[in-house]
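# Structural characterization, general
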Amino acid sequence: MAQIGKRGFILNDDSLIAGWREEFAANQCLVLHNLIEKSLSEQIIERLRTAEFYSNKHFSSEQQEFASDLTIRENELAVHQIHLLLNNPKLFTLLRQITDCPQIKCFSGRIYRNLPNTNHHLEWHDDLEVKERLIGISINLSAEKYLGGFFQIRKKKSKEILGQIESQNAGDAHIFRISPELQHRVTPTNGLSTRTAAAGWFMSEPDASEIIRSLYAAQ
Amino acid sequence: MSNLYLPKAVKISENVLFQEIEGECVLLNMESEQYFGLDEVGARMWQILAQGGDPLKVLTQMQLEYETDEETLRKDLSNLLEELKNEDLIAVEN
């Protein structure tokens, strides 16, 4: 198990890495169960109950809208928690071992919500608006199990689906490759429950110290 | 707390997140939503404290790692613990 908790990052069994590498190479994505330790994810989810979100639309480099959601205000504590937790050099090392990506220097991301049975959507896209993005991650921070909201990744040219990840438990994460040859999406949420996720990218620049110091300075 | 007094044991608060960056340490009190920064020496003291909460062990280890006399280290550690306690980042057992 690989896990981030209040006392840092733990990988309790190195032998898991080989299997993760194989799975990631085949599917270009991988689930890391319980990446965020349970009591910590519960604390974050509890904070999110009263956090402020705003309606947001996202556009590709060609100015096509590909997503609509509720995005959390950047000054909410949960954003700070996620950035502090994921800007961890040991986590960067593990991700490089799994994915063979270039050197990771930082994590940057956001928290968002997809309400069920609304116009919230996340269509096929490649996340290449920022060239420093290497590996994407999504961490489930939903208060309840939700329906729909499947992650899918495919080859851009052939449209062949390489991997699909369905609803996970709170604190579970999945990582996926960012590449000009790939696209990914999340299917709409339906049923009665809201889907909430921390999503972002492990990047080649800037340095994590810049990200952490900017959080500190924003206090 | 006097400058040379060290508590018997220290417990790191459940409401603290921390991250080491380039030898320094950033602590976030999730309750007060306040950050607290530690320089390289403070970060190393925090690391050893996080392993068992024994201030005397911190003192002993720091003496091995740093070329500083015990009195100076004891004073620095005592001051640090006082600050961390005031920020509700630790609880002390006297």
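Further up the page is the structure itself.
Presented here is a report on the structure given in the accompanying data block. (Residues numbered from 1 in each chain as written. Chains lettered and ligands numbered in written order. Predicted model: local features only at pLDDT ≥ 70, side-chain atom pairs only at ≥ 80, totals over all residues. Heavy atoms only, no water.)

### Observations regarding the overall build of chain B
The secondary structure content of chain B amounts to three helices and five strands. Helices and strands appear in chain B in the N-to-C order β-β-β-β-α-α-α-β. Taken along the three principal axes of its C-alpha coordinates, chain B extends 35 × 30 × 20 Å. In chain B, which comprises 94 residues, the share counted as buried stands at 40%. When contacts within chain B are restricted to residue pairs at least 6 apart in sequence, those whose partners lie at least 24 apart make up 54%. Carbon together with sulfur atoms contributes 43% to the accessible area of chain B, which is approximately 4,900 Å² in total. (Helix = DSSP H or I, 4+ residues; strand = E, 2+ residues; numbered from the N terminus. Buried < 20%, exposed > 50% of the residue type's maximum accessible area, 1.4 Å probe, protein only. Contact = heavy atoms within 4.5 Å. Areas by Shrake-Rupley, 256 points an atom, 1.4 Å probe, with all protein chains shown as cover.)

### Section: the overall build of chain A
Per the secondary structure count, chain A includes five helices and 15 strands. Scaling as 2.2 N^0.38, a compact globule of 219 residues should have a C-alpha radius of gyration of about 17 Å, and chain A matches this with 16 Å. Principal axes of the C-alpha set define a box for chain A whose edges measure 45 × 40 × 30 Å. Of all 219 residues assigned to chain A, the portion counted as buried reaches 54%. If you take every contact in chain A between residues at least 6 apart in sequence, the share linking residues at least 24 apart comes to 78%. Roughly 10,100 Å² of accessible area belongs to chain A as shown, and the carbon and sulfur atoms make up 49% of that amount. Chain A carries 25 positive and 27 negative side-chain charges, and their two centres are separated by 1 Å. (Rg over C-alpha atoms; globule rule 2.2 N^0.38 Å. Lys, Arg positive; Asp, Glu negative; His and termini not counted. Charge placed at Lys NZ, Arg CZ, Asp CG, Glu CD.)

### Quick look at the interface of chain A and chain B
Across the contact, 21 residues belong to chain A and 21 residues belong to chain B. Together, the buried faces of chain A and chain B total about 1,900 Å²; carbon and sulfur atoms form 54% of this surface. If you look at where chain A meets chain B, you find nine residue pairs in polar contact (both at pLDDT 80 or more). Of all elements in the fold, only helix H2 (38-48), helix H3 (77-86) and helix H5 (208-217) of chain A reach the threshold of two or more residues within the side of chain A that touches chain B. (Buried area = accessible area lost by both parts, 1.4 Å probe. Polar contact = N/O pair within 3.5 Å; in protein donor to acceptor, adjacent residues only side chain to side chain.)

### Some points on the sheet that holds strand E4 (residues 34-38) of chain B
Residue and element names in this part refer to chain B. Reading across the sheet, the three strands line up as E2-E3-E4 and stay open at both edges, with antiparallel pairing between neighbours. Each edge of the sheet is formed by a strand with only one pairing partner; in this case those strands are strand E2 (16-21) and E4. Mean inter-strand twist for the sheet, computed between neighbouring axes without regard to direction, equals 20 degrees. Bridging between strand E3 (residues 24-29) and E4 involves five bridges; their strand directions are antiparallel. When the sheet's bridge partners are listed, Val-26 is paired in E4 with Gly-37. Relative to E3, helix H1 (residues 40-50) is tilted by about 65 degrees, and along the sheet it contacts E2, E3 and E4. (Pairing = 2+ DSSP bridges. Axes fitted to C-alpha atoms, helices over the stretch in contact; angles between N-to-C directions.)

### Examining the environment of Glu-70 of chain B
All names here are of chain B. On the secondary structure map, Glu-70 appears in helix H3 (residues 70-86). Remark: the alpha-carbon pair of Glu-70 and Thr-60, spanning ten residues in sequence, is separated by 8.6 Å. Apart from the residues within four sequence positions on either side, Glu-70 is in contact with Leu-59 and Gln-63.

### A look at empty space enclosed by the protein
For the structure on display, the rule yields two cavities of 30 Å³ or more. Taken as a whole, the largest cavity holds about 70 Å³ of empty space. In terms of lining residues, the largest cavity is bounded by 14 residues, among which Ser-138, Tyr-146, Gln-168, His-174 and Arg-195 of chain A are the most central. At the level of secondary structure, the elements contributing two or more residues to the lining of the largest cavity comprise strand E8 (133-140) and strand E15 (195-203) of chain A. The greatest single-element share of the lining of the largest cavity, amounting to three residues, is contributed by E8 of chain A. Partitioning the lining of the largest cavity into residue classes produces five nonpolar, six polar and three charged. Here the second largest cavity defines a volume of roughly 60 Å³. At the level of elements, strand E1 (2-5) and H3 of chain A together with E2 of chain B are the ones that each hand at least two residues to the lining of the second largest cavity. (1 Å grid on protein atoms, 1.4 Å probe; cavity = no way out; pocket = protein on both sides within 12 Å on 5 of 7 lines; lining within 4 Å. Points joined across faces, edges and corners; volume = space filled by probe spheres on them. Nonpolar A, V, L, I, M, F, W, Y, C, P; charged D, E, K, R; others polar.)

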